[in-house]
Amino acid sequence: MKIATWNVNSLRARADRVEAWLQRSDCDVLAIQETKCKDENFPWELFENNGYEVAHFGLSQWNGVAIASRVGLDDVERTFPDQPVFGKNGKDPVQEARAIGATCGGVRVWSLYVPNGRALNDEHMPYKLSWLETLKNHAQGWVTADPETQIALMGDWNIAPQDEDVWDIEYFRTEGLTHVSEPERAAFRAFEDAGYQDVVRPHAPGPGVYTYWDYTQLRFPKKEGMRIDFVMASPALSSRVTGAVIDREERKGKGASDHAPVIVELAD
DNA sequence: ATGGTAGGATGCCTA
């Protein structure tokens, strides 16, 4: 079985790319982030025509997460329990469309779009950190309750956990940028402490291996990227992993998302 | 030279 995660940065703008990728990737499950649409604009037939069931959670033109599967799609859950709310200037707080879970082929899959902190002193940063801590607390509880449970927390984490996960850590430090700060990295490590493993890195080691390249500044041709998309697997799922690939080819050419798909292969 | 790109309810906000 092959499971994958991909921040597509607008499903409607990327429909042809996503369909072609589904047809050539041979993936059984795809966790999608940044669909950037509501259900009424979701391209349901794209998935149905290619043999996938799909569940979507989108509230507006922002965020939006989905799971497509050809090995079953059961017990769909929109938002994780107690998912923190966010409201600009404290107004109209809402649980944003950043998490959807479903059971696919015996694996509890979560498609996650972790909030972008924007800046170290921005109000989005404490939101990001509490969002992660709340998710971690529940994820820890799921494994404690059933040590054999197979869970994949996958998506765009908006964190570069190690210095090698950005092209120039000194640039990030000098500019005071997000994604590499100690609180963000501690939030990521907390998932590891709870038993979840980054199952891609051992099969796609750095340095210089990334999942995201900014559209600006010629970041992709200059190989200046970031590793911020992860598949964090519970212990029982980790032991099934036989390989992993970051599909850097998909970042090439006109009309690419700024993120590459990340694929994990599981033993039967 | 303080730029560049790409998406969205586009002439501004988000990444």
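- As recorded by an unreviewed UniProt entry, chain A carries the name Exodeoxyribonuclease III and is attributed to Arthrobacter oryzae.
- In its Sequence similarities (unreviewed entry) section, the UniProt record describing chain A reads: "Belongs to the DNA repair enzymes AP/ExoA family."

**Some thoughts on the UniProt feature "active site" (unreviewed entry) in chain A**
Consideration 1: Sites flagged by UniProt as "active site" (unreviewed entry) map to Tyr113, Asp156 and His259. Taken together, the annotated residues stretch across 147 residues yet fold into one region, lying no more than 12.4 Å apart by C-alpha.
Consideration 2: Looking at the element boundaries, Tyr113 is found in strand β7 (residues 107–113).
Consideration 3: Judged by relative accessible area, which is 10%, Tyr113 ranks as buried.
Consideration 4: Those residues within four positions of Tyr113 in sequence are excluded, and the remaining contacts are Asn7, Gln33, Glu34, Asn63, Val65, Arg98, Trp131, Asp156 and Asn158.
Consideration 5: A polar contact of 3.3 Å, which involves the side chain of Tyr113, links it to the side chain of Glu34.

**Regarding the pattern of salt bridges**
Consideration 1: According to the stated counting rule, one finds 16 salt bridges in the structure shown.
Consideration 2: With a closest N to O distance of 3.0 Å, Arg17 and Glu250 form a salt bridge. On the criterion of sequence distance, the pair formed by Arg17 in helix α1 (residues 15–25) and Glu250 in the loop between β11 (241–246) and β12 (262–266) is long-range, its members being 233 residues apart. Accessibility classification places Arg17 together with Glu250 in one group, the buried group.
Consideration 3: Its salt-bridge partner being Arg108, residue Glu77 comes within 2.8 Å of it at the nearest N-O pair. With Glu77 in strand β5 (residues 74–78) and Arg108 in strand β7, this residue pair connects regions lying 31 residues apart in the sequence.
Consideration 4: Arg108 sits in the buried class, given a relative accessible area of 15%.
Consideration 5: Here the salt bridges do not stand alone but share partners, grouping Glu164, Asp165, Asp198, Arg201 and Arg227 into one network.

Rules of the game
Residues numbered from 1 in each chain as written. Chains lettered and ligands numbered in written order. Predicted model: local features only at pLDDT ≥ 70, side-chain atom pairs only at ≥ 80, totals over all residues. Heavy atoms only, no water. UniProt positions renumbered as here; feature names shortened; annotations may be inferred. Helix = DSSP H or I, 4+ residues; strand = E, 2+ residues; numbered from the N terminus. Buried < 20%, exposed > 50% of the residue type's maximum accessible area, 1.4 Å probe, protein only. Contact = heavy atoms within 4.5 Å. Polar contact = N/O pair within 3.5 Å; in protein donor to acceptor, adjacent residues only side chain to side chain. Salt bridge = Lys/Arg side-chain N within 4 Å of Asp/Glu carboxyl O.

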